[in-house]
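# Geometric and topological summary
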Amino acid sequence: MSNKEHWQKIYKTKLPKEVSWTEEKPITSLELIAKFDLPRCAKIIDIGGGDSLLVDFLLHEEYTNITVLDISVAAIDRAKTRLGKNAQRVKWIVADVRDFIPLESYDLWHDRAAFHFLTEKEEIDKYYQLVCEYTNNIILGAFSTNGPLTCSGLEIAQYNEAKLQSTFGKHFKLMECFTSDHTTPFATTQNFIFTRMSKNKNS
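Everything in this summary refers to the structure shown in the same document. (Residues numbered from 1 in each chain as written. Predicted model: local features only at pLDDT ≥ 70, side-chain atom pairs only at ≥ 80, totals over all residues. Heavy atoms only, no water.)

### Thoughts on the packing of helix α1 (residues 3-13) against helix α4 (residues 73-83)
For the record, the criterion: Think of each axis as a best-fit line through the C-alpha atoms, taken over the contacting stretch in the case of a helix, with angles from 0 to 180 degrees between the N-to-C directions. In this text, helices come from DSSP runs of H or I with a minimum length of four residues, and strands from runs of E with a minimum of two, each type numbered from the N-terminal end. Note on definitions: a residue-residue contact is assigned when non-hydrogen atoms from the two residues lie within 4.5 Å. When residue character is reported, Ala, Val, Leu, Ile, Met, Phe, Trp, Tyr, Cys and Pro are called nonpolar, Asp, Glu, Lys and Arg charged, and the others, Gly included, polar.
α4 packs onto α1 with a crossing angle of 35° between their chain directions and a minimal axis gap of 7 Å. Here Q8, Y11 and K12 of α1 come into contact with α4, specifically with V73, A74, A75 and R78. A class-by-class count of the residues in the contact of α1 with α4 yields 4 nonpolar, 1 polar and 2 charged.

### Comments concerning the pattern of salt bridges
What counts, and what does not: The term salt bridge refers to a pairing of a side-chain nitrogen on Lys or Arg with a carboxyl oxygen on Asp or Glu at a separation within 4 Å. Residue exposure (1.4 Å probe, protein chains only): buried if accessible area is under 20% of the type maximum, exposed if over 50%, otherwise partly exposed.
By the definition in use, this model includes 10 salt bridges. Between E104 and K43 there is a salt bridge, with its nearest N and O atoms 3.7 Å apart. You can see E104 sitting in the loop between β3 (90-94) and β4 (108-112) and its partner K43 sitting in strand β1 (residues 43-47), a full 61 residues away along the chain. With relative accessibility at 22%, the residue E104 sits in the partly exposed group. The exposure class of K43 is partly exposed, given its relative accessible area of 23%. For D96, the salt bridge is made with R98, and the minimal N-O distance between the two is 3.1 Å. For R98, a relative accessible area of 21% translates into the label partly exposed. By sharing partners, the salt bridges in this structure join K35, E176 and R196 into a single network.

### Re the environment of P16
For P16, the position within the fold is in the loop between α1 and α2 (27-35). If we skip the residues at most four places from it in the chain, P16 touches T22, D51, R78 and P185.

### Here we look at helix α6 (residues 161-168)
Convention followed: Think of it as the arc spanned by the lines of direction from the helix axis to the C-beta atoms. Here a polar contact is recorded for every N or O atom pair within 3.5 Å, except that within protein the pair must consist of a potential hydrogen donor and a potential acceptor, and residues adjacent in sequence are included only if both atoms are side-chain atoms.
Looking at α6, one finds that the buried residues are L164, T167 and F168. Down the axis of α6, the smallest arc covering the buried residues is 75°, so these residues share one side. Across from the buried face of α6, at angles greater than 90 degrees, the exposed residues are A162 and S166. Residues of α6 that are buried in the fold lie against α5 (121-134), β5 (137-143), β8 (172-183) and β9 (189-199). If you check the start of α6, you find a side-chain oxygen 3.3 Å away from the backbone N of A162, and it comes from N160.

And the structure:
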């Protein structure tokens, strides 16, 4: 089964309360976004956004240039249905980030729980090239070294601050880095590491 087929099946057969990544309110992401103090017209892309509620809260806070990318059309369709007319205020992209070729640059690149599914060096290198070329600011959430080893039946790559520094530090400065427990809808705990990064001035 391809990655696309895998995630299509997940989003067609499971409700938000049945998947581990669901958040009623993405508080950590929202707090980190606020720290960048971007104008409301800033171009923000949510990588692997699926049917996450982050877009709902960003619209409520009157951000006007939001893009959501996900590999699953079923996930995006579900988000569109939930948002109703407000879905027209969002740019939707159905794509695997491994194959993503942006048509524009972004003021902020947000990724909670997509990056850690990239486990091969060439995939990680491609991701790094993408962010280097298409954004100056990143918020990244991934499973920490105290987090799960798999998610949704797939292997993941765990991260700590040193590994994130090694991966992104050549062109990005880690403004902050911390771990945080996420309580799943079925009352288990997953430990994430979050980092907020900005591109070095000489990059």
